[in-house]
Number of protein chains: 4
Amino acid sequence: MIKVGIIGSAGYVAGELIRCLVNHPEVTIDFLYSNSQAGKSVDQVHFDLIGYKNLKFTSDINSDVDVVFLCLGHGNSLSFFEQNLFSENTKIVDLSNDFRLKNDRKPKEFVYGLVEFNKSKIIEAKNIANPGCFATAIQLGLLPLAKKNLLSSDIHINAVTGSTGAGQSLSDSSHFSWRNNNVSIYKAFNHQHQDEILETLNSLQGNFKYDLNFLPVRGSFTRGIFASIYLKSNATITELMSLYKTFYIDSLFTHITENSISLKQVVNTNNCLIQLQKIDGKILITVVIDNLLKGAAGQAIQNMNLMFGIAEETGLQLKANQF
Amino acid sequence: MIKVGIIGSAGYVAGELIRCLVNHPEVTIDFLYSNSQAGKSVDQVHFDLIGYKNLKFTSDINSDVDVVFLCLGHGNSLSFFEQNLFSENTKIVDLSNDFRLKNDRKPKEFVYGLVEFNKSKIIEAKNIANPGCFATAIQLGLLPLAKKNLLSSDIHINAVTGSTGAGQSLSDSSHFSWRNNNVSIYKAFNHQHQDEILETLNSLQGNFKYDLNFLPVRGSFTRGIFASIYLKSNATITELMSLYKTFYIDSLFTHITENSISLKQVVNTNNCLIQLQKIDGKILITVVIDNLLKGAAGQAIQNMNLMFGIAEETGLQLKANQF
Amino acid sequence: MIKVGIIGSAGYVAGELIRCLVNHPEVTIDFLYSNSQAGKSVDQVHFDLIGYKNLKFTSDINSDVDVVFLCLGHGNSLSFFEQNLFSENTKIVDLSNDFRLKNDRKPKEFVYGLVEFNKSKIIEAKNIANPGCFATAIQLGLLPLAKKNLLSSDIHINAVTGSTGAGQSLSDSSHFSWRNNNVSIYKAFNHQHQDEILETLNSLQGNFKYDLNFLPVRGSFTRGIFASIYLKSNATITELMSLYKTFYIDSLFTHITENSISLKQVVNTNNCLIQLQKIDGKILITVVIDNLLKGAAGQAIQNMNLMFGIAEETGLQLKANQF
Amino acid sequence: MIKVGIIGSAGYVAGELIRCLVNHPEVTIDFLYSNSQAGKSVDQVHFDLIGYKNLKFTSDINSDVDVVFLCLGHGNSLSFFEQNLFSENTKIVDLSNDFRLKNDRKPKEFVYGLVEFNKSKIIEAKNIANPGCFATAIQLGLLPLAKKNLLSSDIHINAVTGSTGAGQSLSDSSHFSWRNNNVSIYKAFNHQHQDEILETLNSLQGNFKYDLNFLPVRGSFTRGIFASIYLKSNATITELMSLYKTFYIDSLFTHITENSISLKQVVNTNNCLIQLQKIDGKILITVVIDNLLKGAAGQAIQNMNLMFGIAEETGLQLKANQF
């Protein structure tokens, strides 16, 4: 059994990790570190985890676990590693955006954990920087084109995210009275995930020099990312379908279709669903994921599975919510 | 023109007052007092009030206005009056729950402003204690029975409220990620509005000695109260319809029906809609109001209109949202 | 492996069965019968089931499967059995309300499949009448009291249900524009599930003669039932907690708490969560379940597991949606 | 008083017209034509209009009213006029998309009723083709640029609409269980409103030859359109703010801001709110309107007011829902 520790285990993403890991047949949860909630049982914070009263938050870290998931706020992972040592054999999956870029200051080497892009490196990795949620959706939409140098125009991206994307902190825009039935844009053309996306695209298509125009949108729902991406292209729909299906042929969670898709097809799963259309000289790529799973905790477990040589889908065959 | 001042004018209820009063043909807004927002224009806080840039929050109070609406947090009105004097001629509408009960400690005499119950007193009043939102819905459902001494069994009440009922403060249960698609109960059998209700019922039906079993429920919507009320009764539906229609014959905003009703019929209006059913020896009374309007700001303006001798519906003929 | 067939497999409940059964380690899906959708792959109807293209709807029935789940509209099961024969060894789980009552006309003997009430009979059963969703929530709230003859006053029940409770047929009250942010009551004091509940209560507490006052409410969400139940009682909270905890000591999915609960703690799980309170001489029992799982498909699989002698929770350890 | 008739008066848009017109001080409703609902009172169809029992649907048309609003399904207006004659003096406001384009086959001359674009022609008009909802939002976002020939690159538009935009007919995508918390795209790059938009843009900026890339999105709310529009530009934010503020200086309902905006600022009003940003060589224009008001019924009444020489805002000073 893989002994798992979670740091920052009271937040949304950690909650999702725990929900998945309690049913993971190869895992035992060793500790759930949370300074603020130490001593409480897990169901006092993650309210659905009734029936797991023996699972408690602690302020003690076991430095000898097999793998640690770091769910600290962005910017806190580096100082955490400066203050906490783990055993040589402990693998790390960091879910912050601190170690994703080549030029980030890091305490050790981290492999960028986008499975569909880096699978062979992940299998060999000791430490994983888990991708951002928007970054995951958008890269999965663009990887096959980049790999074939087919990104030949500016790219236009609009991605709507659920409220859990902003974490559990209280703010005016997380208030139910404000957000219910509302829509708004934030960080227009300047979301921090653009850097991750560009670094991957450039590594595949060296000549990539076009604009990535990305509008992040707050939607009136809790879970999921709905991303629409388009660019000019000469490729036919048949070529595109073939290209994407080939690229994702071994991907267990990423699916390609020509049919209309909607967000709830993937909510509460680790799936990514991509619809391709070719209209008026443009490729339209619609991508849906669950921001907390494929965009965070699910992908993190997928990375763990790969690092430990167990079947990629273990613990991740989740029943969709669908409604 | 009636010169109006609002105290605590940055909150939800004050926002509704301002939204109504800017279109009220007999009113001019004299000042909007808010310590926290002083200097800002009204649309920086109540975001829909674009086009009213000249309307600004102030930390100055004009003690000589014709009427003041007090929108302070519950428990703060008394100390406010100890620190602030108004002219002899200034009328007061207090929207807190501080002065609603006979035994509340008050700086002056307040008339309980439930229009359908106290209209003649309100017309003569100088100071109004505006009823609570739940209290308004439930009393409107029970007044005709109480007046005829027909409350002859325990009363069972379940009332679902929108998130605006809890004000704009941030809390775990006001977080969109929590409240969206959720339901929960709070203050079971112990909501503070029960006292208001009982005081009115007792004043009408002296022998009222039954239990009022009231469950307040948090609903997954922003505006409105949906209350179901039932009790045992020998009255026929014909008698009940006649009783209620007679009682409310002069009420401009309270309507009686035998048809099925739903919450959104009254959202964003000052209306109260009451459906009557007689089933298996029980009267079922379903009541819907908008908690911020008929349950707060709308009723406050209705009270003002009555006190100033202008038509009761002035400024309150609001277009329903309906969808 | 248990060979499973589903009749009426294009509806909501059948969709949930399929979602659970594709991950059930002891089950193989033999056929998915749907006249209207025959020939389509499962993901053309249950859109989240991408990746199961080999699973197709058929108009052929294999009469030799190990178990059949019947998901026909209420009132259609009897005529189905008149027209379709299954092998002697085929077990049946009927999810309609056709065979739940003792006096229902039935083609064979059916055991009422409320696990917490009938477990030993279910283990021996050949045919199961799966309980209704409201009936499940309300009975789970009342069983421990009935067993000890502690139902000694009228019972008051308000239960809010998600839109999936009404199935996938289109109607004015299932229209998004109508139901979003809305609340309404239907079948007040006359819901068909009352008979199921009363039959069970009477079988436990022979002298039960009180009124069951049940108000079903349409909520502004898709999944789940939130039921509040109260009655007068002399029992202390300590006695009640002890009574319920003892009664449910072997129940894997039903949990008792004194803490506040909310609907989303159980959505997308097979759990039932019950909060007990004692206030002013009344017991308040709040019960939450997912109407499509514990209230339908989940409980049906739980029944199947018991009939086939496999661990009760197999295939039902579902990750909650929570947000 | 202006005598008004409405054709097709049982639909969503007609409901909004009636809600506004019952409070319009210069209007009397002469007839509400609806074949399907003839004989019913208005509140049996538009449920919030309690208190208007005297207002009934009829199957008779008074051909002598001052103005007729046509709310028929798209494609039905022409045949309606072939079968129904109105007096010479009767003005027409058609809310379908049948007569909006120069080359549409029309029974008489129609002026395109986009107030901010065609005000002087509307004042003189006898017949108005009321703009589409998406078309209104997008044109209001682009008019000032087009007028100055500043549309000098492809234009990228994403616009999310509420469910009322699809009318009250039942469909899979209007089912609450499907649409709640969901997002989806329809008619990508091919929405019928593009023609209206292009015709206006071309009339202002003769050389307009760029692509209009428009993605319509179904949102998880009932009312409103949230449109983001961007294009490349050399103009500074100062120049843009000045340009837009000047262009809309006399517009009572269209407001310009540099602040972040959100959809609910305009829901249940006739307002249009436009936020301007200049980021990385691109203008980002965010536009919000209520699809049923500024995008349909509200603008129709605004057109009526102008044609009859009364103040443009009469009957349209609506209280926002805001929450």
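Procedures and definitions
Residues numbered from 1 in each chain as written. Chains lettered and ligands numbered in written order. Predicted model: local features only at pLDDT ≥ 70, side-chain atom pairs only at ≥ 80, totals over all residues. Helix = DSSP H or I, 4+ residues; strand = E, 2+ residues; numbered from the N terminus. Rg over C-alpha atoms; globule rule 2.2 N^0.38 Å. Buried ≥ 20, exposed ≤ 12 C-beta atoms within 10 Å, placed from the backbone. Contact = placed C-beta atoms within 7 Å. Least-squares fit on C-alpha atoms with pLDDT ≥ 70 in both. Pairing = 2+ DSSP bridges. Axes fitted to C-alpha atoms, helices over the stretch in contact; angles between N-to-C directions. Parallel < 35°, antiparallel > 145°, perpendicular 65-115°, else oblique. Nonpolar A, V, L, I, M, F, W, Y, C, P; charged D, E, K, R; others polar. Domains from an automatic or database assignment. Core = buried A, V, L, I, M, F, W, Y, C linked by C-beta atoms within 7 Å. Expected span 1.5 Å × (residues − 1). Bend = angle between axes of the 7 residues up to and from the residue.

**Some details on the overall build of chain A**
And step 1. In terms of regular secondary structure, chain A is built from eight helices and 14 strands.
And step 2. The C-alpha radius of gyration computed for chain A amounts to 19 Å, which stays within 12% of the reference 20 Å derived for 323 residues, consistent with globular compactness.
And step 3. In terms of overall dimensions, chain A has C-alpha extents of about 60 × 45 × 35 Å along its principal axes.
And step 4. Buried positions account for 57% of the 323 residues belonging to chain A.
And step 5. For chain A, restricting intrachain contacts to residue pairs at least 6 apart in sequence, the fraction spanning at least 24 positions comes to 71%.

**Brief notes about the relation of the copies chain D and chain C**
And step 1. If you rotate chain D by 180 degrees and push it 0.0 Å along the axis, it lands on chain C with an RMSD of 0.0 Å. Here the symmetry operator amounts to a two-fold rotation axis. Across chain D, the rotation axis passes nearest the C-alpha of Phe176 of chain D, at a separation of 2.0 Å.

**Focus on the interface of chain D and chain A**
And step 1. Taken together, the contacts link 31 residues of chain D with 31 residues of chain A.
And step 2. Among the elements of the structure, strand S8 (155–161), strand S9 (184–185), strand S10 (212–218), strand S11 (225–232), strand S13 (272–279) and strand S14 (282–289) of chain D are those that each provide at least two residues to the side of chain D that touches chain A.

**Section: the sheet that holds strand S5 (residues 91–94) of chain A**
Residue and element names in this part refer to chain A.
And step 1. Read from one edge to the other, the open sheet built from seven strands follows the order S3-S2-S1-S4-S5-S7-S6, with strand pairing classed as parallel. The sheet is open, and its two edges are formed by strand S3 (57–58) and strand S6 (111–112), each paired on a single side.
And step 2. One ladder, built from four bridges, connects strand S4 (residues 67–70) with S5; its direction is parallel. Its bridge partner being in S5, Leu70 is matched across the sheet by Asp94.
And step 3. Relative to the sheet, helix H8 (residues 293–307) contacts S4, S5 and strand S7 (127–129), its axis offset from that of S5 by approximately 160 degrees.

**Looking at the packing of helix H4 (residues 133–147) of chain D against helix H8 (residues 293–307) of chain D**
How two helices sit against one another is set out by the angle between their axes and by the gap between those axes.
All names here are of chain D.
And step 1. Put simply, H4 and H8 touch, their axes get as near as 8 Å, and they point 100 degrees apart. Taken together, the axes of H4 and H8 lie roughly perpendicular to each other. Of the residues in H8, those touching H4 at Cys133, Thr136 and Ala137 are Lys294, Gly295, Ala296 and Gln299.
And step 2. The residue inventory of the contact of H4 with H8, partitioned by class, reads three nonpolar, three polar and one charged.

**Things to note about the relation of the copies chain D and chain A**
And step 1. Of the two same-sequence chains, chain D is brought onto chain A (RMSD 0.0 Å, axial shift 0.0 Å) by a rotation of 180 degrees.
And step 2. Counting the interface residues of chain D, we find that 100% of their copies in chain A are interface residues as well, pointing to one common contact surface.

**Some details on the domain arrangement of chain A**
Residue and element names in this part refer to chain A.
And step 1. Here the domain parsing of chain A yields domain 1 (2–131 + 294–307) and domain 2 (133–291).
And step 2. At the interface, 16 residues of domain 1 touch 26 residues of domain 2.
And step 3. Elements with a contribution of two residues or more to the side of domain 1 that touches domain 2: helix H3 (115–124) and H8.
And step 4. With six residues, H8 is the largest single contributor of residues to the side of domain 1 that touches domain 2.
And step 5. Considering only residue class, the side of domain 1 that touches domain 2 consists of six nonpolar, six polar and four charged.

**So, the pairing of strand S14 (residues 282–289) of chain A**
Residues and elements named next belong to chain A.
And step 1. Buried residues dominate S14, accounting for seven of its eight residues.
And step 2. In terms of strand pairing, strand S11 (residues 225–232) meets S14 through eight bridges, oriented antiparallel. Bridging across to S14, Ser228 finds its partner in Thr286.
And step 3. Relative to S14, strand S13 (residues 272–279) runs antiparallel, the two being bridged by eight bridges. Its bridge partner being in S14, Gln277 is matched across the sheet by Leu284.

**Details of the nonpolar core**
Nonpolar side chains in soluble globular proteins tend to be buried together.
And step 1. Within the largest apolar cluster, 400 residues are counted, with the highest numbers of intra-cluster contacts made by Phe69 of chain A, Phe69 of chain B, Phe69 of chain C together with Leu17 and Phe69 of chain D.
And step 2. Not counting the four nearest positions on each side in its chain, Leu17 of chain D is found in contact with Ile6, Phe69, Ala297, Ala300 and Ile301 of chain D.

**A few points about the interface of chain D and chain C**
Much of the literature gives interface size as the accessible area that the parts lose upon coming together.
And step 1. Between chain D and chain C, the contact holds 11 residues from the first and 11 residues from the second.
And step 2. A per-class count over the side of chain D that touches chain C returns two nonpolar, eight polar and one charged.

**Considerations on unusual backbone geometry**
And step 1. Positive phi outside glycine occurs at Asn268 of chain B, with the angle close to 70 degrees.
And step 2. For Asn268 of chain B, the position within the fold is in the loop between strand S12 (254–257) and strand S13 (272–279).
And step 3. Asn268 of chain B sits in the buried class, given 28 other C-beta atoms within 10 Å.
And step 4. Phi is positive for Gln322 of chain D, which is not a glycine, with a value near 65 degrees.
And step 5. Locating Gln322 of chain D in the fold gives a position in the segment after H8.
And step 6. A tally of 26 C-beta atoms within 10 Å means that Gln322 of chain D is categorised as buried.

**Quick word on H8 of chain D**
All names here are of chain D.
And step 1. Between the first and last C-alpha of H8 there are merely 18 Å, a value that for 15 residues lags more than 12% behind the 21 Å anticipated at 1.5 Å per step.
And step 2. Along H8, the sharpest change in direction is near 45 degrees and occurs at Gln299.
And step 3. Of all 15 residues in H8, 15 are buried; the element is thus mostly enclosed.
And step 4. After H8 finishes, the residue Gly309 shows a positive phi value of roughly 70 degrees.

**Details of the packing of H4 of chain D against helix H7 (residues 237–247) of chain D**
Residue and element names in this part refer to chain D.
And step 1. Running from amino to carboxyl end, H4 crosses H7 at an angle of 105 degrees, the nearest separation of the two axes being 10 Å. By the angle between their directions, the pair H4 and H7 is classed as roughly perpendicular. Each of Leu143, Pro144 and Lys147 in H4 lies in contact with H7, whose residues at this interface are Leu243, Tyr244 and Phe247.
And step 2. Counted by class, the contact of H4 with H7 contains five nonpolar, no polar and one charged residues.

**Quick look at the sheet that holds strand S14 (residues 282–289) of chain C**
Residues and elements named next belong to chain C.
And step 1. If you walk across this open sheet you meet the seven strands as S9-S10-S8-S11-S14-S13-S12, and the pairing is mixed. The sheet is open, and its two edges are formed by strand S9 (184–185) and strand S12 (254–257), each paired on a single side.
And step 2. Alignment of strand S8 (residues 155–161) against strand S10 (residues 212–218), held across seven bridges, turns out to be parallel. Bridge pairing links Thr161 to Arg218 in S10.
And step 3. Strand contacts of helix H4 (residues 133–147): S8, S10, strand S11 (225–232), S12, strand S13 (272–279) and S14, with the helix running at about 40 degrees to S11, the strand carrying the most contacts.

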